[in-house]
Structures are given as C-alpha cells and as structure tokens.
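Observations on chain architecture
If you want the building blocks of each chain, they are given just below.
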Amino acid sequence: SAYVPDPNDKPSEKCGVLNVTKITEHGKKVRKNWTSSWTVLQGSTLLFAKGQGGGTSWFGGGQSKPEFTVDLRGGSVDWASKDKSSKKHVIEVKTRQGTELLIQSENDVLINDWYRALQDTISTHSDE
Ligand code: I3S
C-alpha cells in the first residue's frame, strides 16, 4: 500500500539514523539483516527508510516511501538481552502484531534518547 502523506500530520517527534533489523515477523523468527536506516518516530508510529545515500530523503520531496513502519501501541520497548545481539546499546521493540525489531547505535547518548522517546510513546498511547 502506498504511503500517502497526510497534510494534517503533526511534525515528526524524533528522527535520526539507526541500525535496525527485524528478528521476528508475525510471531516467526526471521534472519537478521542489520541495515542503517533513517528512522522517524511520529505519534505512535515508527517509520524506517533506507539509509542515507541516494540523496532525497523521503519526507523531503515526498517521493520516496518508508520501507517499513510499526505501530507501537500495545507494544513494548526494552534493552535487548545479551543473547539477542553481540552489539552494544541494542533496544528490542515488540509490537502487538508480533513483529520484533532490534535497533542500535554506537552512540550511547543517542540511543538513550531513543529509548526514552520510545518508552514515552508506549506509555502515552497505552490506553488506545
Ligand atoms: O543472532 P545472530 O544470528 O548471531 O546474528 C548475527 C548474524 O545475523 C550475522 O549474519 P550472518 O549470520 O547472516 O552472517 C550478522 O552479521 C551479525 O551482525 C548478527 O549478530 P549481531 O550480534 O551483530 O546482532
């Protein structure tokens, strides 16, 4: 389904480049595929677009689309346990739809900000 920007969308709440991989899809384990991804948190939605390079950012000209979005409502965010990844600063996101993602950055300040933002999002939208 095509991504159609809504002119009434509130401004993005947070964005930046993170390393991301899915580990579970519809409750089934999938092979890790770490990719650098432009990540946007908007309302209760987390959007991922292909990493830098290529030029146009998807929100810029409205031409390119997010690769992948997840609905955080009813989901959970936690620091990933050591057995989930050998990388440091890894956040595990679980959605109600049975998707599990790992998101990571080498920058601990940046990843802590994301952790807080994601936790806030989940508690803000917990009654929806
Ligand atoms: O949890 P895993 O399977 O040890 O994850 C690693 C693999 O996905 C590996 O790819 P291949 O097994 O396809 O070669 C990746 O290169 C690693 O980055 C994965 O582990 P980390 O610990 O980096 O999440």
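The rules behind the values
Residues numbered from 1 in each chain as written. Predicted model: local features only at pLDDT ≥ 70, side-chain atom pairs only at ≥ 80, totals over all residues. Helix = DSSP H or I, 4+ residues; strand = E, 2+ residues; numbered from the N terminus. Buried ≥ 20, exposed ≤ 12 C-beta atoms within 10 Å, placed from the backbone. pLDDT = per-residue confidence, 0-100. Near = placed C-beta within 6 Å. Nonpolar A, V, L, I, M, F, W, Y, C, P; charged D, E, K, R; others polar.

Going by an unreviewed UniProt entry, the protein chain carries the name Rho GTPase-activating protein 12 and comes from Dicentrarchus labrax.

Residues other than glycine seldom take positive phi values, yet H26 does so here, at roughly 50 degrees. As for its placement among the helices and strands, H26 is situated in the loop between β1 (14-25) and β2 (28-29). Judged by the 8 C-beta atoms lying within 10 Å of it, H26 is exposed. Of note in the backbone geometry, H89 takes a positive phi value of approximately 55 degrees without being a glycine.

Let us look at the confidence of the model for the protein chain. Residue-level pLDDT values for the protein chain average 86, and 82% of them are 70 or greater. In the predicted complex, the global pTM is 0.83; the interface-specific ipTM is 0.89.

As a further point, take the site of the ligand. As a structural note, the neighbourhood of the ligand is formed by K32, W34, S85, S86 and K87. Taken together, the residues of the shell around the ligand break down into 1 nonpolar, 2 polar and 2 charged.

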